[in-house]
Amino acid sequence: MLNSKKITVGVTGGIAAYKTVELVRMLVKEGAHVNVIMTGAAKHFVNPLLFSAITGKKVYIDMFDDSDSGRITHIDLAKTCDILVVAPATANIIAKAACGIADNLLSTVILAANCEVVFCPAMNSAMYENPITKQNISKLKKIGCHFVGPKSGMLACGTEGLGRMAEPREIFDYITSLFFDDDLKNLKILITAGPTVEHIDPIRYISNRSSGKMGYSLAEACAKRGAKVILISGPVSLAPPANVDVVYVKTAEDMYRAVMKEFYNVDIIIKAAAVCDFKPREIKSDKIKKQDVLVLELEKTPDILKKLGEIKGKQFLVGFAAETRNIDEYAVKKLKEKNLDMLIANDVSIEGAGFDVDTNAVKIFYKNGGAVELPLMGKKELSYRIIDEIIRCRNEKRG
Ligand code: PMT
């Protein structure tokens, strides 16, 4: 998701520095190149070795300890990063930044930075509520600096109040939103996710192993990038993603109706759902009693994707395909037969890919020929990569 993005994390002296370890781990896991700068006080809370082990790089502490000869560290660190995050940000570093004081490596880098700067305050609530701190924060906000938190709760000094550093997940989400802020702002995207269930009797049904994770990750990523997202979801146990309109359905017929209702109003459709291909010809109104052999007669469900391919106009239509063999052959066939703009083939026989796991590996097939493989990675990161491809191809198609 953050492939090759350059992020500098400044750590100041506060108990919350332990949470920054997790934040840095999350950033590195998502592919970011992270440099850590620590103030002298920060070293009392977290050993620099910990950051160095996570990032695989030297941790910068001293302004004048430049072992990379020929480079001016503070200028390099300030100029080469996409985002500078200060977490935890004490009242002291906020005051220095607001007044343009550059008396250590971190404050110098903040002053020299011409990228987005994100402060994650953490301090005693009296310090946070002090009018001087408030003025400093509003001064920094006025020149475009970002603030995440602080939050209310138990503080290190034993009192309750506003001053806890935001949780690493919240800071991480904020950082990613800065990279992808609103690039899909004018788009309406319809995504399907999860399985469908086809009833046999009041107790039993036919379904499949789709957890909805792939479709939900795509919906979350599209919403984070500013799109208006409608997620049509089969039964799953996932929380709805933020800022997404979710329509819950059960059967393939329900999904067909829900998709058709929205289809004409959207720009892009991504069909990640694992729709059951068959349903029982008859749903018994009473529970089927135990018997030695039971023959179920099945009939085809509506092929939603095929129908969309037949009626589509300006919409960019993306199908998924879960396969266990002859991936390329089946993918190209589905792409043509269903008149898709793109097909994302999922070899679900690969360990860690496909159903009910957090990772996936896919091969994207294009309408005009050619394909690209995206190796095994988290479904969240994969979603960003897939969306990048969809937007690139859609722009090409529109000339
Ligand atoms: O949900 P997860 O646990 O995260 O797993 C993700 C996934 C494996 C379900 C997902 O990555 C995936 O591959 N989804 C498509 C699964 C599938 O149903 O493949 P298919 O080859 O059977 O269908 C091809 C396409 O036609 C799909 O876009 C499907 O949504 C669509 N279809 C299928 C049948 C049908 N009756 N109507 C349809 O629209």
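### Observations concerning the sheet that holds strand β11 (residues 228-233)
Strand order in the open sheet formed by eight strands is β12-β11-β8-β13-β16-β17-β18-β19, with mixed pairing between adjacent strands. Sheet topology places β12 (244-248) and β19 (371-378) at the edges, where each strand pairs with a single neighbour. Averaged over neighbouring strand pairs, the angle between their axes works out to 20 degrees when direction is ignored. Contacts from helix α9 (residues 213-224) reach β8 (188-193), β11, β12, β13 (268-271), β16 (316-323) and β18 (359-366), with the element oriented near 165 degrees to β8.

### Re the domain arrangement of the protein
By domain assignment, the protein separates into domain 1 (6-179) and domain 2 (188-398). Here the C-alpha centre of domain 2 lies 41 Å away from the C-alpha centre of domain 1.

### Side note on the site of the ligand
The ligand sits among 29 residues. The nearest are Ser-210, Ser-211, Lys-334, Asn-346 and Asp-356. Side-chain polar atom of Thr-301 to a nitrogen atom of the ligand: 3.3 Å apart, as the coordinates give it. For the shell around the ligand, the leading source of residues is β16, giving four residues. The residue inventory of the shell around the ligand, partitioned by class, reads 13 nonpolar, eight polar and eight charged.

### What to know about helix α1 (residues 17-29)
Along its 13 residues, α1 runs 19 Å from first to last C-alpha, staying within 8% of the 18 Å computed at 1.5 Å per residue. By the burial criterion, the buried members of α1 are Ala-17, Lys-19, Thr-20, Val-21, Leu-23, Val-24, Met-26 and Leu-27. Of the surrounding secondary structure, the elements contacted by the buried residues of α1 are β1 (6-11), β2 (33-38), α2 (48-55), β3 (83-89), β7 (160-164) and α8 (168-179). Just downstream of α1, Gly-31 is the residue with a positive phi angle, here 95 degrees.

### As for the packing of α9 against helix α13 (residues 379-398)
Across the interface, α9 lies against α13 with an axial gap of 8 Å and an inter-helix angle of 60 degrees. When the axes of α9 and α13 are compared, the pair comes out oblique. Like other packed secondary-structure pairs, α9 and α13 cross with a definite hand, here right-handed. Counted together, Lys-213, Met-214, Ser-217, Leu-218, Glu-220, Ala-221, Cys-222 and Lys-224 of α9 and Lys-379, Lys-380, Leu-382, Ser-383, Tyr-384, Ile-386 and Ile-387 of α13 form the full contact between these two elements. Split by residue class, the contact of α9 with α13 holds eight nonpolar, two polar and five charged.

### Observations regarding the nonpolar core
Leu-27, Val-85 and Ile-386 are the most contacted members of the largest nonpolar core, which totals 70 residues. Residue assignment places this core across two domains, with domain 1 (6-179) and domain 2 (188-398) each supplying three or more. Non-local contacts of Leu-27, meaning those with residues more than four positions away in its chain, are made with Leu-2, Ile-7, Val-9, Ala-32, Val-34, Phe-172 and Ile-175. Of all hydrophobic cores here, the second largest spans 28 residues; its members include Ile-37, Ile-93, Ile-94 and Phe-119.

### A look at the environment of Ala-322
With respect to the helices and strands, Ala-322 occurs in strand β16. Given a relative accessible area of 43%, Ala-322 falls into the partly exposed group. For Ala-322, the contacting residues outside a window of four places in its chain are Asn-346, Val-348 and Phe-355.

### Here's the deal with the pairing of β8
In terms of burial, β8 is largely enclosed, as five of its six residues are buried. Where β8 and β11 come together, six bridges link them in parallel fashion. For Ala-193, the partnering residue across the bridge sits in β11 and is Ser-233. With four bridges joining them, β8 and β13 adopt parallel strand pairing. Within the sheet, the bridge partner assigned to Leu-190 lies in β13 and is Ile-269.

### Quick look at helix α11 (residues 304-311)
Among the residues of α11, those classed as buried are Ile-304, Leu-305, Leu-308 and Gly-309. Each buried residue of α11 lies within a common arc of 140 degrees when the element is viewed along its axis, so the set occupies one face. Those residues of α11 hidden inside the fold are in contact with α10 (252-263), β13 and β16. The N-cap residue of α11 is Asp-303: its side-chain oxygen and the backbone nitrogen of Leu-305 are 3.3 Å apart.

Conventions adopted
- By convention here, each chain's residues receive numbers from 1 onward along its written sequence.
- Per-residue local features of the predicted model are confined to residues with pLDDT of at least 70, and side-chain atom pairs are confined, for both listing and counting, to 80 or more; whole-chain, interface and lining totals are unaffected and use all residues.
- Hydrogen atoms and water are omitted, and side-chain values are computed over all heavy atoms in the structure.
- When DSSP finds at least two bridges between two strands, those strands are taken to pair.
- A run of H or I in DSSP counts as a helix once it spans at least four residues, and a run of E counts as a strand once it spans at least two, with each numbered from the N terminus.
- Here, axes are lines fitted to C-alpha atoms. For helices the fit covers the stretch in contact, and angles between N-to-C directions go from 0 to 180 degrees.
- When checking whether two residues touch, look at their non-hydrogen atoms; a contact exists if any pair is within 4.5 Å.
- Note: domain ranges come from an automatic or database domain assignment.
- Summary of the distance rule: residues count as near a molecule or strand when at least one heavy atom falls within 4 Å of that molecule or strand.
- Contacts described as polar in this section are N or O atom pairs within 3.5 Å, which, within protein, must combine one atom able to donate a hydrogen with one able to accept it, while residues neighboring in sequence count only if both atoms come from side chains.
- Residues are sorted three ways: Asp, Glu, Lys and Arg are charged, Ala, Val, Leu, Ile, Met, Phe, Trp, Tyr, Cys and Pro are nonpolar, and all the rest, Gly among them, are polar.
- One fewer than the residue count of a helix, multiplied by 1.5 Å, yields its expected span.
- Three labels apply to residues, based on accessible area from a 1.4 Å probe with only protein chains included: buried if under 20% of the type maximum, exposed if over 50%, partly exposed otherwise in between.
- By definition in this entry, angles of less than 35 degrees are roughly parallel, angles greater than 145 are roughly antiparallel, angles of 65 to 115 are roughly perpendicular, and the rest are oblique.
- Less than a right angle of anticlockwise turn of the near helix away from the far helix marks a crossing as left-handed, whereas a clockwise turn marks it as right-handed.
- The term nonpolar core refers to a set of buried residues drawn from Ala, Val, Leu, Ile, Met, Phe, Trp, Tyr and Cys, joined through side-chain atoms within 4.5 Å.
- Our arc is simply the arc of the directions from the helix axis toward the C-beta atoms.

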